[in-house]
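# Secondary and tertiary structure notes
In case you want the letters, here they are:
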Amino acid sequence: MADNKAERRKSDNVLLDTALQEFYGAADEMGLSEKLIAILSHAERRLEVSVPVEMDDGSVKVFKGYRVQHSTALGPAKGGIRYDTEVDVDECEALAMLMTWKCSLAGIPYGGGKGGIACDPLSMSKKEKEKLSRAFGARIAPIIGDWSDVPAPDMNTGGQEMVWIMDTVSKLHGRFEPALLTGKPIPYWGSKGRTEATGRGVATCGLELMKKLDKNPADIKAAIQGFGNVGSYTAKTLSDAGVKVVAISDITGSYYNPNGLDINKAFEIINHDPKHLLNGFEKFGAEKIEDALFAECDFLFPCARDGVINNQTASKVKAKYIVEGANGPTTPAADKILIQNGALIVPDFLANSGGVIGSYFEWAQNLQGFFWSEEEYNDRLVHIMKGNFNRVWDYAKAKNIKMRRAATMAAIQRVADVVELRGIFL
Ligand code: GLU
């Protein structure tokens, strides 16, 4: 392999190019060999499938679906499946690479994968979503499995979609395979604690950061963008710890109260709303504002989607501490602006790794057919999250670098060591 950096892979896809540039930056800083850079800058496998669905009106729509395995160096590929209009194969690859670093940093025995279907789930009926999930499951069945590639929920998917996919793939494989994917509902081989795990982990990072800053949670004002699985449980965990959650948001708008919002009420509302949205929350002591991202607060938790903190929005962010609950919420240009403005950022693949750590617990329990108590699950999760946060914090301080760079370097190192150990065969 020529020692020529000009040959490095680039992408027209913003998310993939960002993932590659962050990888090259960290790889160069740690002196990673060009050989390893070449290997790790490519996904092992990118699968594209066509998924036909007979819609409720009798017409047939063909959806595009993807599953990308970035690396299986450390173990089976692991990562979610998302349903979103923006999904494409390059986005899946970028997110699969992020999963490789996330699992590596978390210290769990997985590589990185990601998949998804380009669709608008909010405009589809339950029956249509079931057909879509089952047909997609059948299409990706040849490459997923409990010891090869283990999917999980991601944007706009949850326990129900996992059951449809698992049920279909188990039948096709001809054996019951509960560890085939994670994030399943509790009555069907799921784990108590998994639903809350990502948000609990995000909040744990926030609370650890408050400790480092010597701040009392009760003196902190937090804003949370997104009130899906990640944002809602981040808000709840923070609020239970005494933090004043002053802003929350979803596609119905952003809600604000400088004295703190009633998060239990917000849960009541989404639990009663057919689309699981915050419709009508303004009636409960909340004022509508432009965007939770720009709320007057100390800590911001962007938990909605990628790219929301960008060139246009970064300078409007008031928070000094940003804990990334979503994958890729901050573009590289915005990262620079935030840092210039004195912000400290806890990167996504550290902050939101509680989800995949929780998935690892579920997978391990499924393989054993032995279930833990919720308390054991939560205690282990919080213990690992605190340890990982502190490791990255200390490493960043020791090297005098930002947390994102420190986390990326530590994650790459573990994968690189194993690639060297296993050798280059495939
Ligand atoms: N979708 C989640 C993530 O991005 C969870 C992945 C998993 O549990 O495999 O981290």
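Let me sum up the structure you'll find in this document. Position numbers for residues start from 1 in each chain and track the written sequence from start to end. Confidence filtering applies because this is a predicted model: local features only for residues at pLDDT of at least 70, side-chain atom pairs given and counted only at 80 or more, and all residues used for totals across whole chains, interfaces and linings. Note: side-chain values were computed over all heavy atoms of the structure, leaving out hydrogens and water.

Glancing now at the packing of aromatic side chains. The description of an aromatic ring pair uses the distance of the two centres, along with the angle that the planes make with each other. Working definition: rings of Phe, Tyr and Trp (its six-membered ring) pair if their centres are within 6.5 Å, and the pair is stacked with planes under 30 degrees apart, edge-to-face with planes over 60 apart, and tilted otherwise. Applying the stated criterion to the full structure yields 19 aromatic pairs. A centroid spacing of 4.9 Å and a plane angle of 70 degrees characterise the contact between W147 and W363, whose relative ring orientation is edge-to-face. Of this pair, W147 sits in the loop between α4 (126-140) and β5 (149-153) while W363 sits in helix α11 (residues 354-368); the two residues are 216 residues apart in sequence, bridging distant segments of the chain. The class for W147 is exposed, based on a relative accessible area of 61%. Chaining the aromatic ring pairs together yields one cluster made of Y110, W147, Y360, F361, W363, W372 and Y377. Counting as a charge over the ring demands two things of the Lys NZ or Arg CZ atom: a distance within 6 Å of the ring centre and an angle within 35 degrees of the ring normal. Sitting over the ring of W372, R380 keeps its end group 4.5 Å from the ring centre. Helix and strand assignments follow DSSP, with helices taken as H or I runs no shorter than four residues and strands as E runs no shorter than two, numbered in order from the N terminus. Exposed residues in this analysis have more than 50% of their type's maximum accessible area, buried residues have under 20%, and partly exposed residues fall in between, with area computed by a 1.4 Å probe over protein chains only.

The cutoff for a nearby residue is simple: one of its non-hydrogen atoms must lie within 4 Å of the molecule or strand. The local shell around the ligand holds 14 residues, among which K78, K102, P153, D154 and S359 are the closest. A distance of 3.3 Å is found between an oxygen atom of the ligand and a side-chain nitrogen or oxygen belonging to R194. The Shrake-Rupley method, run with a 1.4 Å probe, gives the accessible areas here. Residue values count only the displayed protein chains as cover. Against a free-state accessible area of 290 Å², the protein chains account for coverage of 94% of the ligand. Those elements giving two or more residues to the shell around the ligand turn out to be β3 (77-84), α3 (89-106), β5 and α11. The classification used treats Ala, Val, Leu, Ile, Met, Phe, Trp, Tyr, Cys and Pro as nonpolar, Asp, Glu, Lys and Arg as charged, and all other residues, Gly among them, as polar. In terms of residue class, the shell around the ligand is built from four nonpolar, five polar and five charged. Definition of a polar contact: a pair of N or O atoms within 3.5 Å, with one able to donate and the other able to accept a hydrogen when the atoms are protein atoms, and with sequence-neighbouring residues admitted only if both atoms are side-chain atoms.

Now for the sheet that holds strand β4 (residues 111-118). The rule for pairing is simple: two strands pair if DSSP sees at least two bridges between them. Here we have five strands laid out as an open sheet, ordered β1-β2-β4-β3-β5, and mixed in their pairing. Strands at the two margins of the open sheet, each flanked by one partner only, are β1 (45-54) and β5. Taking the axes of each pair of neighbouring strands and ignoring which way they run, one obtains an average angle of 20 degrees across the sheet. Alignment of β1 against strand β2 (residues 60-71), held across ten bridges, turns out to be antiparallel. Pairing of P52 across the sheet is with V62, part of β2. Here, two residues are considered to be in contact whenever any of their heavy atoms come within 4.5 Å of each other. Between N-to-C directions, angles cover 0 to 180 degrees, with each direction set by a line fitted to C-alpha atoms, over the stretch in contact for helices. Across the sheet, α4 touches β1, β2, β3 and β4, and the angle it forms with β1 is around 145 degrees.

As a further point, take the sheet that holds strand β9 (residues 287-289). Strands sit in the order β9-β8-β7-β6-β10-β11-β12 across an open sheet of seven strands; the sheet is mixed. Two strands lie at the open edges of the sheet, namely β9 and β12 (344-346), each paired on one side alone. Going from strand to strand, the sheet's axes swing by 20 degrees on average, the running direction of each strand aside. The pairing of strand β11 (residues 321-323) with β12 spans three bridges and is classified as parallel. Considered in β12, the bridge of V323 is made with V346.

A word on the side chain of N310. Assignment of secondary structure puts N310 in the loop between β10 (299-302) and β11. In this structure N310 comes out as buried when scored by relative accessible area, which is 18%. Engagement of the side chain of N310 in a polar contact is seen with the backbone nitrogen of Q312, the distance being 3.0 Å.

Quick look at the state of the cysteines now. We call a pair of cysteine sulfur atoms a disulfide when they lie within 2.5 Å. By the definition in use, this model includes zero disulfides. Not part of a disulfide, C119 finds its nearest cysteine sulfur in C92, a span of 11 Å. For C119, a relative accessible area of 4% puts it in the buried group. Not part of a disulfide, C303 finds its nearest cysteine sulfur in C205, a span of 11 Å.

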